[in-house]
Amino acid sequence: MASPDTPMAEAAAVDLGLRWQPGLQALGSDFYTPLSPDPIRDPYWIARSAAMARELGLRDVWWQAPGVLEALSGSAFIQGSTPLATVYSGHQFGVWAGQLGDGRALWLGEVATPGGPQELQLKGSGLTPYSRMGDGRAVLRSSIREFLCSEAMHGLGIATTRALCVTGSDQPVRRETIETAAVVTRVAPSFIRFGHFEHFSHGNQPGPLRTLADYVIDRDYPACRDAANPYAALLAEVVRRTAAMVAQWQAVGFMHGVMNTDNMSILGLTIDYGPFQFMDAYDPRHICNHSDHAGRYSYENQPGVAHWNLFALGQALLPLIGEVDDAMAALHGFKPQFDAELARLHAAKLGQASATPSSRALAGEWLGLMARERTDFTIAWRRLAQHIAGAPADTVQDLFHDRAAIDQLLLQLKELTAQSGLAPDANLALNHSPAFVLRNYLAEQAIALAKQKDFSMIQDLLAVLERPYDEHPQHAAWAGFPPDWADQIQISCSS
Ligand SMILES: Nc1ncnc2c1ncn2[C@@H]1O[C@H](COP(=O)(O)OP(=O)(O)OP(=O)(O)O)[C@@H](O)[C@H]1O
Ligand SMILES: [Mg+2]
């Protein structure tokens, strides 16, 4: 482990051109351990997001500036950065796991950007006091998946941590086989997780628990300060954001795969891209994480698990909230908020500005038919949106064997429009059912090329996934059906 006093010459410090400002260091030493990254050897660029860089106020030439590659691979001291690893705990697969923490991530600091404060983190930058049995590293394949999916989710309009870049090295890393190391630079307004609160609550440390909650309220949820019970108001807001986030996941067929409480963001951001998957053939019981034998994190279980995780957060906040009834009132908001948000998204996919009993019924029957026939989730929704935009019905009908059922559904769609008295909003439909998602097989192809040092497909995929609701004719194949081998891909927790 690199120690706090690792000799990284200040003289060699790289100025990244970012405006660093005080951040969570203010929480004090109960919350983190300052330390320097342990660099990966002879780093090279794997992937870069120009869009993310621009949001940080960095110009396109920035990537070529001296020291940027080294700084983001952990080998150069960054002027203004105060690297540290935070401590958290959590429930993993429903069981209390005790102390965890940033075992391979390092918080670099907080920067001021035109859009507000953003924190930067390296993932895969070496051992920390919280590494337990791990090696502090991340491998190339999982880092590429995290990079692409972070930006893909952002392109879909789903709240997420972002990724600025991935750097790599030929340095070997042992997993099931020998792989190579990579570092992802992540960006988010905050990396605080439910597990940070659980850590101090389960550890019976009411002082730090309150310090943390006050920090989050004042920084990220200032309106809660005015509530009669600010801590209950915080819980209610996190419930609302989490419900909205998971509704968006369901609406595009995204499965997170490892929804442990340490992988739940206090800002309702999608965080920790491990064994995630976008649904290919629709099966509500689909399990994307090969290590999840009981299917705890299957597609259909995601809303229930999010609610369960919010209960864990509520329990952690209880010493501050005081009354169990106040916590329960906040938690009871989850189901109606999730249902309303998912109904709104389904209605939008049907070209309707708001949900009605008819749009709910139609979405339910459509999903039921897709589940019976294992229809491709993304393609079916996209073709339906294109039909709403005027494409002939046969592109939708051709997806189904049960012709009577699909004809009946298309008739209901017409009736829905007639009832609302308004023409369906084709753009609304097309902007809620993406043409492109990061299917597992696409990530696998990009990874296979990257292993041969060809990183071009990563950048090409990035360009498409940043605008997933547009047609990209030159990459039309990526919007097509996955190849037969796609359902043999096994993604586990190993990363
Ligand atoms: N290779 C590793 N070395 C050290 N610690 C690890 C390693 N892999 C995972 N961990 C730690 O194990 C715990 C659970 O890991 P999990 O897979 O949820 O997170 P992660 O993918 O490492 O990171 P994050 O949640 O920050 O995206 C975390 O405390 C994490 O830091
Ligand atoms: Mg994690």
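This one's a predicted model, so the numbers in the text were calculated from it and none came from an experiment.

Rules of the game
Residues numbered from 1 in each chain as written. Chains lettered and ligands numbered in written order. Predicted model: local features only at pLDDT ≥ 70, side-chain atom pairs only at ≥ 80, totals over all residues. Buried ≥ 20, exposed ≤ 12 C-beta atoms within 10 Å, placed from the backbone. Helix = DSSP H or I, 4+ residues; strand = E, 2+ residues; numbered from the N terminus. Pairing = 2+ DSSP bridges. Near = placed C-beta within 6 Å. Nonpolar A, V, L, I, M, F, W, Y, C, P; charged D, E, K, R; others polar. Domains from an automatic or database assignment. UniProt positions renumbered as here; feature names shortened; annotations may be inferred. Contact = placed C-beta atoms within 7 Å.

### Remarks on the pairing of strand 11 (residues 178-188)
- Burial analysis of strand 11 places nine of its 11 residues in the buried class, the great majority of the element.
- With five bridges connecting them, strand 8 (residues 116-123) and strand 11 associate as antiparallel partners. By the bridge assignment for strand 11, L120 is matched with V187.
- When strand 9 (residues 138-139) meets strand 11, the two strands line up antiparallel, connected through two bridges. Residue pairing in the sheet places V139 in a bridge with A181 of strand 11.
- Linking strand 10 (residues 162-174) back to strand 11 in an antiparallel pair, the connection comprises three residues.

### Description of the site of ligand 1
- The environment of ligand 1 is formed by 21 residues, the closest being L100, G103, S131, G134 and D272.
- Along the lines of polarity and charge, the residues of the shell around ligand 1 split into five nonpolar, nine polar and seven charged.
- Looking at the shell around ligand 1, you find at least three residues from each of domain 1 (10-191) and domain 2 (195-262 + 291-342).

### Remarks on the UniProt feature "binding site: ATP" (unreviewed entry) in the protein chain
- UniProt feature "binding site: ATP" (unreviewed entry): in the numbering of this structure it lies at G101, G103, R104, K123, D135, G136, R186, R193 and D272.
- Structurally, the position occupied by R104 is in the loop between strand 6 (95-99) and strand 7 (105-113).
- If we skip the residues at most four places from it in the chain, R104 touches K123, G124, S125, S131, G134, G136, R137 and A138.
- Summarising the element assignment, R193 is placed in the loop between strand 11 and helix 4 (194-202).
- When sequence neighbours within four positions are dropped, the list of residues in contact with R193 reads Y88, D262, N263, M264, S265 and I266.

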